[in-house]
Amino acid sequence: MMRTIKSAEISTAIEKLCAEANYNLPKDVLKALRAAAKKEKGMAKAILGEIIENAAIAAKEKIPLCQDTGTANFFVKLGRDVKITGKNLYDAINDGVAAGYKKNYLRKSIVSDPLERKNTGNNTPANIYIDIVDGRGLEITFMPKGGGSENAGALKILEPSAGWEGIKKFVLEAVKAKGGNACPPIIIGVGIGGDFASVGAMAKKALLRKIGSKNKSSFYAKKERELLEEINKLNIGPMGMGGKTTALAVFIETKPCHIASLPVAVNIQCHSCRRKTAKI
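Remember, predicted model here, so these are calculated numbers, not experimental data. (Residues numbered from 1 in each chain as written. Predicted model: local features only at pLDDT ≥ 70, side-chain atom pairs only at ≥ 80, totals over all residues. Heavy atoms only, no water.)

1. Quick look at the packing of aromatic side chains
Filter applied, for reference: Paired rings are identified among Phe, Tyr and Trp, the last through its six-membered ring, by centres lying within 6.5 Å, and are further divided according to the angle between planes into stacked (under 30 degrees), edge-to-face (over 60) and tilted (the rest). Helix and strand assignments follow DSSP, with helices taken as H or I runs no shorter than four residues and strands as E runs no shorter than two, numbered in order from the N terminus. Only protein chains enter the accessibility calculation, which uses a 1.4 Å probe; a residue whose area is less than 20% of its type maximum is buried, one above 50% is exposed, and one in between is partly exposed.
Using the criterion set out here, one finds three aromatic pairs in the structure. With a centroid separation of 4.8 Å and 20° between ring planes, the pair formed by Phe 74 and Phe 142 is classed as stacked. Of the two residues, Phe 74 is situated in strand 2 (residues 71–79) and Phe 142 in strand 5 (residues 138–145); the sequence distance between them amounts to 68 residues. What makes Phe 142 buried here is its relative accessible area of 0%. With a centroid separation of 5.0 Å and 15° between ring planes, the pair formed by Phe 75 and Tyr 129 is classed as stacked.

See the structure below:
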């Protein structure tokens with residue numbers, strides 16, 4: 001039996017998500033920051049303390065965690081037995097973004113053309129990724145992503161012979177090159193496999209995982225730990241000022257790929273790891 005959801009209901013939920021995600025740092029991120037602060041000393045410890053204090057002020061005063069309220073990214077799980085009436089799902093989400101960013105005075109950072117650079121004025125269009133799933137539910141996760149962390153990403157098609165060592169080298173080089181500009185401590189999403197178009201989306205989607213979670217594969221869970229240890233030896237540290245905590249987590253996502261290629265993408269999230277989910 002089909003379930004009907006009005007597009008206006010979706011837009012209202014998105015409007016709320018835009019504010020709540022930008023004001024409130026997830027509990028798992030705060031927990032990881034507090035744990036990191038206990039291990040640090042000097043400047044690194046002081047910076048982490050300020051990041052934690054900033055999160056408390058943002059939540060209490062209902063102001064953005066960061067002035068860069070980011071590109072609006074939405075990850076949607078749409079039940080195949082759901083029918084949306086009124087506007088289509090893309091328009092419903094973008095209407096919610098426009099209203100949420102305007103009403104809550106969140107910074108609008110999207111330009112309508114990459115070269116003409118004219119601001120759209122409402123932070124649309126959003127990046128929307130839709131997965132069709134069984135059932136009658138609609139689950140939408142919002143992840144606003146700042147320009148500094150997004151600019152630190154990298155993608156490369158390696159030769160299959162590069163193997164794990166080639167992947168690790170590429171990830172470490174990406175973090176060394178731009179990790180300090182991404183407002184660390186960072187969270188790192190790594191996509192492996194697929195093709196040119198899908199590997200970047202995998203790396204970004206990996207950032208939705210909660211800090212402390214493990215890859216379902218014991219093989220890749222071990223690789224995540226290995227990368228995290230190597231990255232934290234780089235001494236980039238909180239806000240690039242040195243220290244033991246360059247990254248809070250590394251998350252790997254994989255999918256099958258062509259026998260002749262080994263696509264790898266790195267998507268980096270800043271310490272302001274904002275994400276929130278609504279179920280409609």
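2. Quick notes on the sheet that holds strand 9 (residues 262–269)
Let me state the cut-off plainly: Think of it this way: DSSP has to see at least two bridges between two strands before they count as a pair. To get an axis, fit a line to the C-alpha atoms, keeping to the stretch in contact for a helix; angles then go from 0 to 180 degrees between the N-to-C directions. Throughout, a residue-residue contact means that at least one pair of heavy atoms, one from each residue, lies within 4.5 Å.
A sheet is described by the order of its strands in space; here four strands give the open sequence 6-9-7-8, paired in mixed fashion. Each edge of the open sheet carries a strand with a single partner, namely strand 6 (154–158) and strand 8 (247–257). If you compare each strand with its neighbour and ignore which way they point, the axes differ by 15° on average. Pairing between strand 7 (residues 186–194) and strand 8: nine bridges, direction parallel. The partner of Ile 187 across the bridge, within strand 8, is Ala 249. Where helix 7 (residues 196–206) meets the sheet, its contacts fall on strand 6, strand 7, strand 8 and strand 9, and the angle it forms with strand 7 comes to roughly 150°.

3. Examining the pairing of strand 5
Across the eight residues that make up strand 5, a large majority, seven, are buried. As defined by bridge partners, strand 2 adjoins strand 5 across eight bridges and the pair is classed as antiparallel. Across the sheet, Phe 75 pairs through a bridge with Thr 141, a residue of strand 5. Taken together, the four bridges between strand 5 and strand 10 (residues 276–279) define a ladder with antiparallel strand orientation. In the strand pairing of strand 10, Phe 142 is matched with Lys 276.

4. Side note on the sheet that holds strand 4 (residues 127–133)
The strands that make up a sheet pair up through hydrogen bonds in the backbone, lying either parallel or antiparallel. An order of 4-2-5-10 is seen for the four strands of this open sheet, with the pairing classed as mixed. Two strands lie at the open edges of the sheet, namely strand 4 and strand 10, each paired on one side alone. Here the average twist between neighbouring strands, direction ignored, is 15°. Set on the sheet, helix 1 (residues 7–23) makes contact with strand 2, strand 5 and strand 10; between it and strand 5 the angle comes to about 40°.

5. What about the state of the cysteines?
Structurally, a disulfide amounts to a covalent bond that connects the sulfur atoms of two cysteines. Stated formally: Here, the term disulfide refers to a pair of cysteine sulfur atoms separated by no more than 2.5 Å.
Scanning the entire structure with this criterion turns up zero disulfides. Left unpaired, Cys 18 is separated from the closest cysteine sulfur, that of Cys 66, by 16 Å. Take Cys 18: its relative accessible area is 0%, and that puts it in the buried class.

6. Thoughts on a nonpolar patch on the surface
Filter applied, for reference: Candidate patch residues must exceed 30% relative accessible area and have no salt bridge, after which like charges are joined if within 9 Å and Val, Leu, Ile, Met, Phe, Trp or Tyr side chains if within 5 Å. Computed with a 1.4 Å probe, the accessible areas rest on the Shrake-Rupley method; for each residue, only the protein chains presented here act as cover. Here, a salt bridge means any side-chain nitrogen of Lys or Arg that lies within 4 Å of a carboxyl oxygen of Asp or Glu.
A surface patch of nonpolar side chains, about 310 Å² in accessible area, is lined by Met 43, Met 239 and Met 241. By the element assignment, Met 239 lies in the loop between helix 8 (218–232) and strand 8.

7. Observations concerning helix 1
Quick note on the threshold: Here the expected length of a helix is defined as 1.5 Å per residue gap, with one fewer gap than residues.
Here helix 1 contains 17 residues, and its C-alpha end-to-end distance of 25 Å stays within 8% of the 24 Å for a straight helix at 1.5 Å per residue. Ser 7, Ile 10, Ser 11, Ala 13, Ile 14, Leu 17, Cys 18, Ala 19, Ala 21, Asn 22 and Tyr 23 are the residues of helix 1 that are buried.

8. A closer look at the packing of helix 2 (residues 27–39) against helix 3 (residues 42–61)
What describes two packed helices is the angle between their axes and the distance between those same axes. Where we set the bar: In these notes the angle categories are as follows: under 35 degrees is roughly parallel, over 145 is roughly antiparallel, 65 to 115 is roughly perpendicular, and the rest is oblique. For any pair of crossing helices, the crossing counts as left-handed if the nearer helix is rotated counterclockwise from the farther one by less than a right angle, and right-handed if it is rotated clockwise. Amino acids are sorted into nonpolar (Ala, Val, Leu, Ile, Met, Phe, Trp, Tyr, Cys and Pro), charged (Asp, Glu, Lys and Arg) and polar (every other residue, Gly among them).
Between helix 2 and helix 3, the least distance of the axes is 9 Å, while the angle of their chain directions is 155°. The orientation of helix 2 with respect to helix 3, classified from their angle, is roughly antiparallel. Helix 3 is crossed by helix 2, and the crossing has left-handed handedness. Contact with helix 2, carried on its side by Leu 30, Leu 33, Arg 34, Ala 36, Ala 37 and Lys 38, involves Lys 45, Leu 48, Ile 51, Ile 52 and Ala 55 of helix 3 and no other residues of that element. For the contact of helix 2 with helix 3, the class distribution of residues is eight nonpolar, no polar and three charged.

9. A short note on helix 6 (residues 163–178)
Residues spaced three or four apart along an α-helix point in a common direction, a consequence of the helix completing one turn every 3.6 residues. With 16 residues, helix 6 should cover 22 Å at 1.5 Å per step; its first-to-last C-alpha distance of 23 Å lies within 8% of that length. Along helix 6, the residues classified as buried are Trp 164, Gly 166, Ile 167, Lys 168, Phe 170, Val 171, Leu 172, Ala 174 and Val 175. Looking at the packing, one finds that the buried side of helix 6 touches strand 6, strand 7, helix 8, strand 8 and strand 9.

10. Digging into the nonpolar core
Spelled out, the test is: Only buried residues count toward a nonpolar core, which is a set of Ala, Val, Leu, Ile, Met, Phe, Trp, Tyr and Cys residues joined through side-chain atoms within 4.5 Å.
The biggest cluster of nonpolar side chains holds 27 residues, and the ones touching the most others in it are Ile 10, Ile 14, Phe 74, Val 76, Ile 93, Val 97 and Ile 140. Breaking this core down by element, the ones donating at least two residues are helix 1, strand 2, helix 4 (89–103) and strand 5. In terms of residues, this core owes the most to one element, helix 1, which gives eight residues. Apart from residues no more than four positions distant in its own chain, Phe 74 is found in contact with Ile 14, Ile 93, Val 97, Ala 126, Asn 127, Ile 128, Tyr 129, Ile 140, Thr 141 and Phe 142.

The quantities given are spatial measurements derived from coordinates; they are silent on function.
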